[in-house]
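# Notes for the structure review
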Amino acid sequence: AKDETAGVDQIEGVEVMHSPKAWSTHKVLTKWVQRALPRISRQSTRRTRYAALVWDAAQTHRSKAMKQYLATRRIHQVMIPGRCTSTLQGMNLVIMRPFKAALTRQTEAFLNRPGGARTPAGNPVKPALEEVCRWVREAWKGVSVEMVQTALERSYGLRTPNFARTAIYRHHLLGPVVRDLLEAEERVEELVAADFEDESKVEQA
């Protein structure tokens, strides 16, 4: 749709959305949702379609306007609590380190290139936006499908056979608490199942 591409620049194969002051504003975020979750956004009237958007508790994410916007598109918002980046944010656990390392290598190569343009004060001239987008594009090539799968397993793998691989499971403080809660829940489920089995035997008798 035309309104979904407005304000989105296509540069060197990279979609660029930004605010005048480079802040993450409501307008930028809503545009990102439209681009990142197009099918959910366009099927907001279908009662059987929902999505879960997991992100941190930034102020723009928590705003009333954002909550209302996501609700109209049947998107459930799941907030990652503060100080849980190292346990629940898959991007930070697996993907961002190699991605940022690749960007750093390209940035350093740009800054240290012989004969590079300098300002009157002797500082390197900032790179063109097109060049920065090329850096981003090349850095993302180092992110594999397997890395994304690992990130999901380590951050959101609750109640799955891979839960023991998650960072929160191995956390020295949170891990025991979560494990105790899951074990208690499993015991309740076992008791309920046993009650149903006993009732069935009584009815058959």
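If you look the protein up in an unreviewed UniProt entry, it shows as DDE-1 domain-containing protein from Heterosigma akashiwo.

### Some words on the packing of aromatic side chains
In this structure the tally under the stated criterion is three aromatic pairs. Consider the rings of F110 and W135, whose centres lie 5.6 Å apart with planes at 65°: the pair is edge-to-face. Of this pair, F110 sits in helix α7 (residues 90-111) while W135 sits in helix α8 (residues 129-140), placing them 25 residues apart in sequence. On the basis of relative accessible area, W135 is assigned to the buried category, the value being 10%. A cation over an aromatic ring shows up here: R113 above the ring of F110, its NZ or CZ 3.9 Å from the ring centre.

### Concerning the pattern of salt bridges
Across all of its chains, the model carries five salt bridges by this definition. In this structure, the salt-bridge partner of R35 is E15, at a minimum N-O distance of 2.4 Å. You can see R35 sitting in helix α2 (residues 26-36) and its partner E15 sitting in strand β2 (residues 14-16), a full 20 residues away along the chain. Assessed through its relative accessible area of 26%, R35 is described here as partly exposed. In this structure E15 comes out as partly exposed when scored by relative accessible area, which is 34%.

About the criteria used
- Residues numbered from 1 in each chain as written.
- Predicted model: local features only at pLDDT ≥ 70, side-chain atom pairs only at ≥ 80, totals over all residues.
- Heavy atoms only, no water.
- Phe/Tyr/Trp six-rings, centres within 6.5 Å; stacked < 30°, edge-to-face > 60°.
- Helix = DSSP H or I, 4+ residues; strand = E, 2+ residues; numbered from the N terminus.
- Buried < 20%, exposed > 50% of the residue type's maximum accessible area, 1.4 Å probe, protein only.
- Lys NZ or Arg CZ within 6 Å of the ring centre and 35° of its normal.
- Salt bridge = Lys/Arg side-chain N within 4 Å of Asp/Glu carboxyl O.

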